[in-house]
Amino acid sequence: YSFCTLLSNIMYETWWWGAVAAAVGSAGAGIGENLVRLSYSSLHSQPEPHPPLHKRPLWVVGWLMTTVLTSVCAVVGLALAPMQLLMPADTVIASLQGDPVFAA
């Protein structure tokens, strides 16, 4: 076996893990973005001065999901599955969430 044949066999057997990772990352990005928005919209009910960002649990969880979880899932997904499979699926999942930022 050559290296390319070995890599092709690995990708053939593990593409669905990559698809699952990409789907989790895309869903995590949408949920994280909505948690950040919810954190900002809940400030209307709190008195001034507002707490800093790092002391808002919704903002921290949303930011971590949007940045860390999405990045890790994208790397894992692209390592295990071809981009031709992942990018259209990512767009479909993002558009189903109703998030125009990630659907573009």
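Everything here concerns the structure above.
Residue numbers here run from 1 along each chain, matching the order of that chain's written sequence. With the structure being a predicted model, the display of local features is reserved for residues of pLDDT at least 70 and the display and counting of side-chain atom pairs for 80 or more, all residues being used for whole-chain, interface and lining totals. As a rule here, side-chain values come from all non-hydrogen atoms in the structure, and water together with hydrogens is ignored.

We now examine the overall build of the protein. Numbering of helices and strands runs from the N terminus; a helix is a DSSP stretch of H or I covering at least four residues, while a strand is a stretch of E covering at least two. Looking only at helices and strands, the protein has 4 helices and 0 strands in total. The linear arrangement of helices and strands in the protein, starting from the amino end, is α-α-α-α. Any residue under 20% of the maximum accessible area for its type is buried, any over 50% is exposed, and the rest in between are partly exposed; the area is computed with a 1.4 Å probe on protein chains only. Counting only residues that meet the buried cut, the protein has 23% of its 104 residues in that class. Here, residues are in contact when the closest pair of their heavy atoms is within 4.5 Å. At a minimum sequence separation of 6, the contacts of the protein that also span at least 24 residues come to 72%.

For the rest of this paragraph, the subject is a nonpolar patch on the surface. Residues enter patches when they are more than 30% accessible in relative terms and free of salt bridges; like-charged ones are connected within 9 Å and nonpolar ones (Val, Leu, Ile, Met, Phe, Trp, Tyr) within 5 Å. Method for areas: the Shrake-Rupley scheme with a 1.4 Å probe, in which residue coverage is limited to the protein chains shown. Any Lys or Arg side-chain nitrogen found within 4 Å of a carboxyl oxygen on Asp or Glu counts as a salt bridge. Nonpolar side chains collect at one region of the surface, where Trp15, Trp16, Trp17, Val20, Val24, Leu69 and Leu85 lie side by side and expose about 650 Å² of accessible area between them. Looking at which element gives the most residues to the nonpolar patch, the answer is helix H1 (residues 3-41), with 5 residues. Considering the arrangement of structural elements, one finds Leu69 in helix H2 (residues 57-80). Residue Leu69 is classed as partly exposed on the basis of its relative accessible area of 30%.

This part takes up the pattern of salt bridges. The tally for this structure, following the rule as stated, stands at 1 salt bridge. Ionic pairing is found between Arg37 and Glu33, a salt bridge with its closest N-O pair at 3.8 Å. In this pair, Arg37 and Glu33 both sit in helix H1, 4 residues apart, roughly one turn of the helix. Residue Glu33 is classed as partly exposed on the basis of its relative accessible area of 22%.

The next subject is the side chain of Ser39. Among the structural elements, Ser39 can be located in helix H1. Classification of Ser39 by relative accessible area gives buried; the value is 3%. Once you skip the residues sitting within four places of it in the chain, Ser39 turns out to touch Arg56, Leu58 and Trp59.

Attention shifts here to the environment of Glu13. Looking at the secondary structure, you find Glu13 in helix H1. Measuring from C-alpha to C-alpha, the distance between Glu13 and Leu80 comes to 8.9 Å, with 67 residues separating the pair along the chain.

It is worth spelling out H2 at this point. In this model, H2 (24 residues) spans 33 Å end to end at C-alpha, consistent with the 34 Å of a helix rising 1.5 Å per residue. Its axis deflected by about 30° at Met65, H2 carries its strongest bend there. Taken residue by residue, H2 has Trp59, Gly62, Met65, Cys73 and Gly77 as its buried positions. Under the convention used throughout, the expected extent of a helix is 1.5 Å for every residue step, that is, one less than its residue count. Each residue is assigned a bend, namely the angle between axes fitted to the seven residues that terminate at it and the seven residues that start at it.

Time to look at the environment of Trp59. Along the chain, Trp59 falls in helix H2. Between the alpha carbons of Trp59 and Arg37 there is a distance of 8.0 Å; along the sequence they are 22 residues apart. Here Trp59 is in contact with Val36, Ser39, Tyr40 and Leu53, once residues within four sequence places are set aside.

Take it as geometry only, folks, not as evidence of what the structure does.
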